[in-house]
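Residue-level structure breakdown
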Amino acid sequence: MKIFSTHHRTIGIGYLLLAGTSVAIGTLLSLLMRVHRVWPDLNWPLWGVIKPEDYLAAVTMHGTLMVFFVLTTAPQSGFSNLVLPEQIGSRTMALPWLNAAGLWTTVASLLVLLSAFFVRGGGPISGWTSYPPLSALAEAGPGQATGMDLWLVSIGLFCIASTMNGANTLVTVIRCRCKGMTWGRMPLTVWAWLTAALLTVIVFSVLFAAALMLLCDWHAGTSFFVPAGGVINGVVDTQHGDGSPLLWLHLFWFFGHPEVYIAILPGMGMTSMLLANFCRRGIPAYRWMITTTLLIGLLGLSVWGHHMFVAGLNPWAGTVFQLTTIAIAIPSTAKVLNWLMTLWGSRPTYSTPMLWSLGFVSLFIAGGVTGPVLAQPALDAYLHNTFFVVAHFHLVMAMAGVFSIFAGLTYWFPLIAGRRLD
Amino acid sequence: MTLTPILAMRWWLPQDAALHGAALDREMYLALWIMTGLLATAHLVMLVGLCIGRREAKRSIWRLEVAPLLLLTILFGWMTIRAERLWAATRYAGADPAVMQVEVVGAQFVWYFRYPGADARFGKTKPELVQPGEGNPLGIDPGDEDGRDDRVSSELVLPIGREVDLRIRSLDVIHGFSVPEMRVKQNAIPGQVFHIHFTPVHEGRYAVLCTQVCGLGHYRMQAAVRVVSIAEFARWSER
């Protein structure tokens, strides 16, 4: 097997390996955080006691690795390259060279990100959301100079790579379907990858612009996100004009929320497919499932403000974003009801992928029910940035998302390794 | 291995010490119980559905999917209306202009509280005058009449039963002003001023936290709110 191959399946395996590497590092970092919380004074070999900046760098890198390099790459780029062409009767992805370029740009992006651990000041400390001015001023803390630059460059590269992959998926699904593979016959996995690819192309371009603007605030003397008159460590910031940190929050979350649907939609598609397969019956209300997939994608673009209920928006915005956010619970509920209906009286085969999929449904419900609680601005104003929110998105993205990755890995293992799991 | 730390954990919301807290707590518990019920029901349906024998009969989408979906949509709609009323009640209207004003300023990694004094007007501030070491952490302009009687405190002292309007700002990066017992949370964003208002109804001392990562001292960015009787507040103000 050639490493620099343009064959879609090799590229898919490449993405899965990249996600595997990232999830290993990301999990080690979360273990490090847990151990630190239990024994804060522990003297680590080769490192010493974990300082606050080390902990915050671990938080930042854990989030960035998991959200971008695991939950975006594996379900979307990984599995779609593995089986999408076969599922629509095409021999290849539409743009093999662009596809390979996407993978290797993602690898470069990961290397740039990881190198932030080894520069002076260490990794960036402002979390995966990188709110300015903390992320825009070197004086704001260690890791906020070279480490932050590397983070921004890495995210920029990742945006380019994701857009390449998203464009490739879109073109493949639109142009490369075999005769008879009409829109109304496409597998739900393909509908999910198509919707996620649409979201990818739309929102990663916004994140790219935001990262570029923040990089300009660092090095080109602009002031998109930094207001005038900041006083850091007793020194007045005279370098910046009249920027707005809120602008970053808008741009970042316009990307950030659809991003979680990019991560979970392929898992939903796979779950619909696997449950139906192992229950030996068709997907009930198949057209409804297509509609709900598209609705989740569409509404996903209009809910970013629910991350900003305490950020100081006009209170009317709180009401509007509450409505769009609750609205997204309806297609999500329709999906859950559909899975329950598939399972009802089915006597399924409890194969390994089926067990992972059942786990996905359970965890998605558990994480999902906390959604309508957080969607209420008055309640969110109490829960914002607490472990309730951490639990909410970890149940949905981390737990359910990873369960769907395992379901896919065990189901398509023969395609990856050329042999069945015994 | 003992279970004591888990059993001793505080499982419910902390004490509610603000006037609007009771309604918020009711809504919170209602939402949590409804969602716990949905979680349990969905799992029960899944388990029962997996245990019963195989059914091949043609199933009605309308009865099994659309009807429950409609019911849940009505439930979510009802919760949304309640939530919107609660949000509107606390946030749509600003505080009465006559209420007590206090300015909250976040700076790496301290909270400052500024009282406008007898004239009820805050003096102008200038970034270049900020000198925490010389007793002027907010950069109050000594040339401004309004600022002469301004008082900067490291503790937020509030009289019981009187509404307070906080004007929240930040000197450097984004901070998160949060007092769990007062059921308030609002980001402090440099370059902008935001207002929140509430009425403390229980005397006591409560923690002010920072809920937005603001740098390496974020974890220790804490202060205190002290809610005191009106007489004691008057004494504190004159001191």
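In case you missed it, the structure is sitting above this.
Here's a quick rundown of the structure. (Residues numbered from 1 in each chain as written. Chains lettered and ligands numbered in written order. Predicted model: local features only at pLDDT ≥ 70, side-chain atom pairs only at ≥ 80, totals over all residues. Heavy atoms only, no water.)

Attention shifts here to the packing of helix H3 (residues 73–87) of chain A against helix H7 (residues 245–278) of chain A. Residues and elements named next belong to chain A. Between H3 and H7, the shortest axis-to-axis distance is 10 Å and the interhelical angle comes to 45°. Compared by their axis directions, H3 and H7 come out oblique. For the pair H3 and H7, the sense of crossing is left-handed. Of the residues in H7, those touching H3 at Pro75, Gln76, Phe79 and Gln87 are Ala263, Pro266, Met270 and Met273. (Axes fitted to C-alpha atoms, helices over the stretch in contact; angles between N-to-C directions. Helix = DSSP H or I, 4+ residues; strand = E, 2+ residues; numbered from the N terminus. Parallel < 35°, antiparallel > 145°, perpendicular 65-115°, else oblique. Left-handed = near helix turned anticlockwise from the far one by under 90°. Contact = heavy atoms within 4.5 Å.)

Here we take up the packing of aromatic side chains. Remark: the centre distance and the inter-plane angle together describe each pair of aromatic rings, the angle taken between the planes. By the definition in use, this model includes 33 aromatic pairs over all chains. Their ring planes at 80° and their centres at 6.0 Å tell us that A:Trp339 and A:Phe364 sit as a pair that is edge-to-face. A residue pair is termed long-range when its members are at least 10 positions apart, and A:Trp339 in helix H9 (residues 315–343) and A:Phe364 in helix H10 (residues 352–368) qualify at 25 residues. A centroid spacing of 5.5 Å and a plane angle of 85° characterise the contact between B:Trp111 and B:Phe177, whose relative ring orientation is edge-to-face. (Phe/Tyr/Trp six-rings, centres within 6.5 Å; stacked < 30°, edge-to-face > 60°.)

With 17 residues, H10(A) extends 24 Å between its outermost C-alpha atoms, agreeing within 8% with the 24 Å of an ideal straight helix rising 1.5 Å per residue. For H10(A), the buried fraction is high: 12 of the 17 residues fall into the buried class. Inspection of H10(A) places A:Pro353, A:Met354, A:Ser357, A:Leu358, A:Gly359, A:Phe360, A:Val361, A:Leu363, A:Phe364, A:Ile365, A:Ala366 and A:Gly367 among the buried residues, and these make up the whole buried set. Buried residues along H10(A) sit against H7, H9, helix H11 (371–374) and helix H13 (387–411) of chain A together with helix H2 (21–51) of chain B. (Expected span 1.5 Å × (residues − 1). Buried < 20%, exposed > 50% of the residue type's maximum accessible area, 1.4 Å probe, protein only.)

Okay, the sheet that holds strand S9 (residues 204–210) of chain B next. Residue and element names in this part refer to chain B. In space, the five strands of this open sheet follow the order S4-S10-S9-S6-S7, with mixed pairing throughout. Pairing within the sheet leaves two strands with one partner each, and these edge strands are strand S4 (155–159) and strand S7 (184–188). Each strand axis lies, on average, 20° off the axis of its neighbour in the sheet, ignoring direction. As paired elements, strand S6 (residues 175–179) and S9 share two bridges and run antiparallel to each other. Counterpart to Ser178 in the pairing with S9 is Leu209. (Pairing = 2+ DSSP bridges.)

All names here are of chain A. Geometrically, the link from Pro132 to Pro133 is a cis peptide bond, its omega value of 0° lying close to zero. Mapped onto the elements, Pro133 comes out in the loop between helix H4 (96–115) and helix H5 (146–175). Look at Leu46: it is not a glycine, yet its phi comes out positive at around 70°. Inspection of the secondary structure puts Leu46 in the loop between helix H1 (8–38) and helix H2 (52–70). Although it is not a glycine, Arg347 adopts a positive phi angle of roughly 45°. Of note, Arg347 is situated in the loop between H9 and H10.

Glancing now at the side chain of A:Ser90. Residues and elements named next belong to chain A. Within the fold, Ser90 resides in the loop between H3 and H4. We classify Ser90 as buried; its relative accessible area is 14%. A distance of 2.6 Å separates the side chain of Ser90 from the backbone oxygen of Thr92, its partner in a polar contact. Discounting residues that sit within four places of it in the chain, Ser90 has contacts with Pro85 and Cys176. (Polar contact = N/O pair within 3.5 Å; in protein donor to acceptor, adjacent residues only side chain to side chain.)

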